[in-house]
Amino acid sequence: MSIKDIRVFGDPVLTKKADEVKDFDKQIRNLVKDLTETMLEAPGVGLAAPQIGVSLRVFTYCVEEDKPGHLINPVLSLTNNSQEGDEGCLSVPGLAFNTKRSYGVIATGKNMYGEDIVIEGSELLARCIQHETDHLDGIIFNTQGGFDLVSKIYSSVASHPNVAILPVTIEEVIKPQLPPKTNNELRVAILGNLNHHK
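Residues numbered from 1 in each chain as written. Predicted model: local features only at pLDDT ≥ 70, side-chain atom pairs only at ≥ 80, totals over all residues. Heavy atoms only, no water.

## Here's the deal with the overall build of the chain
A count of helices and strands for the chain gives 4 helices and 12 strands. Here the chain, with 198 residues, has 46% of them falling under the buried criterion. Taking contacts inside the chain between residues at least 6 apart in sequence as the whole, the part at least 24 apart equals 65%. Looking at the chain as shown, the accessible area adds up to about 9800 Å², and 49% of this sits on carbon and sulfur atoms. (Helix = DSSP H or I, 4+ residues; strand = E, 2+ residues; numbered from the N terminus. Buried < 20%, exposed > 50% of the residue type's maximum accessible area, 1.4 Å probe, protein only. Contact = heavy atoms within 4.5 Å. Areas by Shrake-Rupley, 256 points an atom, 1.4 Å probe, with all protein chains shown as cover.)

## A word on the side chain of Arg-101
Among the secondary structure elements, Arg-101 is positioned in strand 5 (residues 92-102). A polar contact is formed between the side chain of Arg-101 and the side chain of Asp-134, at a distance of 2.8 Å. (Polar contact = N/O pair within 3.5 Å; in protein donor to acceptor, adjacent residues only side chain to side chain.)

## Quick look at helix 1 (residues 26-41)
Here helix 1 spans 22 Å end to end across 16 residues, near enough to the 22 Å set by a 1.5 Å rise per residue. Among all positions of helix 1, only Ile-28, Leu-31, Val-32, Asp-34, Leu-35, Thr-36, Thr-38 and Met-39 are buried. Elements that come into contact with the buried residues of helix 1 comprise strand 1 (46-48), strand 2 (58-61) and strand 3 (69-78). (Expected span 1.5 Å × (residues − 1).)

## Remarks on the pattern of salt bridges
As enumerated under the stated definition, the model contains 7 salt bridges in all. With a shortest N-O distance of 2.7 Å, Arg-101 and Glu-87 are connected by a salt bridge. Placement of Arg-101 in strand 5 and of Glu-87 in strand 4 (residues 82-89) is noted, with a sequence separation of 14 residues between them. Neither residue differs from the other here; Arg-101 and Glu-87 are each classed as buried. (Salt bridge = Lys/Arg side-chain N within 4 Å of Asp/Glu carboxyl O.)

## Thoughts on the confidence of the model for the chain
For the chain, mean pLDDT is 78; residues scoring 70 or higher make up 70% of the total. For the stretch residues 143-147, pLDDT sits under 50, and the model shows 11 contacts to residues farther than four places along the chain or on other chains. The low-confidence segment residues 162-198, where pLDDT is below 50, has 90 contacts with residues more than four positions distant or belonging to other chains. (pLDDT = per-residue confidence, 0-100.)

Given below as structure tokens:
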């Protein structure tokens, strides 16, 4: 087990829908351990497998000190009431955006041994689970930021030491993944238009 490089905005793996886990073997258990170690070292409250370059539906979380957890092949049931607040992402270093999420969630899935588990949470835990599940669907931020959001992310990551800009426009960087939930709320994903250098 080891601490892995975290992929940043622009890496194509972040915009691909991750594959469902079918074999709950030693490789999956090692992946969960790598995700946990990398998340805690970052530090962050959540980390999805695509963020370390593995396109599988696995994420880890730790919203309470010294109580990390994980979920594989998550299926979410969301409450109707919502919350808003700043949300950051380890793949978009140094930035946070006001992001609307459901206030509560019931998440079902598997643990690293293939056993059924249920996670029920609200506030930060619910936000974290929704954020990490978005990563598994190739979505970086679910927000009302639109093109302004993309411009800020693009500018921030352009100065990151581990990426290099390709000659593209903002219009080429943004791609709607799902239809707008309302007239002013857009769910977006970022296309891979930066080179990731380890």
